[in-house]
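Summary of structural features
Here is what each chain is made of, one letter per residue.
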Amino acid sequence: MAQREIALVDLLDRLLAGGVVITGDLTLRIADVDLVRIDLNALVSSVSAEVPSPFQDVDPEEPA
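First, a word on scope: everything that follows refers to the structure included in this document. (Residues numbered from 1 in each chain as written. Predicted model: local features only at pLDDT ≥ 70, side-chain atom pairs only at ≥ 80, totals over all residues. Heavy atoms only, no water.)

A short note on the overall build of the protein
The cut-off we apply is this: Segments assigned H or I by DSSP are reported as helices when at least four residues long, segments assigned E as strands when at least two residues long, and all are numbered from the N terminus. Three exposure classes are used, based on accessible area relative to the maximum for each residue type with a 1.4 Å probe and protein chains only: buried under 20%, partly exposed in between, and exposed over 50%. Working definition of accessibility: Shrake-Rupley area with a 1.4 Å probe, residue cover restricted to the visible protein chains.
A tally of helices and strands in the protein yields one helix and two strands. Counting from the amino terminus, helix and strand elements in the protein follow one another as α-β-β. Taking all 64 residues of the protein together, the buried fraction comes to 0%. As presented, the protein carries roughly 6600 Å² of accessible surface, and 57% of it is formed by carbon and sulfur atoms.

Next up, the structure:
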């Protein structure tokens, strides 16, 4: 079986073109007692000029 090498930049370009969803759960438990629980949900995608920014109407000089 032939191996195909892919550069990291090419791999990231392919992943970001379609978007990547990252999910995970981490629980720190001692003696069956949950001490810390972390839930992670993230969407990573590339930015396109064809899709407008949801923040384009926000004026940075205007107080919130």
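Things to note about the environment of Leu43
Put simply, the rule is: Residue contacts follow a heavy-atom distance rule, with two residues in contact if any of their heavy atoms lie within 4.5 Å.
For Leu43, the position within the fold is in strand E2 (residues 33-44). Setting aside its immediate chain neighbours within four residues, Leu43 contacts Val20 and Val21.

Some points on the pattern of salt bridges
Applicable threshold: By salt bridge we mean one thing: a side-chain nitrogen of Lys or Arg within 4 Å of a carboxyl oxygen of Asp or Glu.
All chains considered together, the criterion is met by two salt bridges. The partner of Asp34 in a salt bridge is Arg29, with the nearest N and O atoms 2.8 Å apart. You can call Asp34 partly exposed: its relative accessible area is 48%. Across the salt bridge formed by Arg37 and Asp39, the nearest N and O atoms sit 3.3 Å from each other. With relative accessibility at 59%, the residue Arg37 sits in the exposed group.

Some thoughts on the pairing of E2
Operational definition: We call two strands paired when DSSP finds no fewer than two bridges between them.
Note that strand E1 (residues 20-30) and E2 share 11 bridges and pair antiparallel. When the bridges of E2 are listed, Val21 appears paired with Leu43. As consecutive antiparallel partners, E1 and E2 are separated by two residues, and within that stretch Ala31 has a phi angle of approximately 55°, a positive value.

What to know about the environment of Ala17
Checked against the element boundaries, Ala17 lands in helix H1 (residues 8-18). Spatially, the C-alpha atoms of Ala17 and Ser48 are 9.5 Å apart, while their sequence positions differ by 31 residues.

Treat this as a map of the structure, not an account of what it does.
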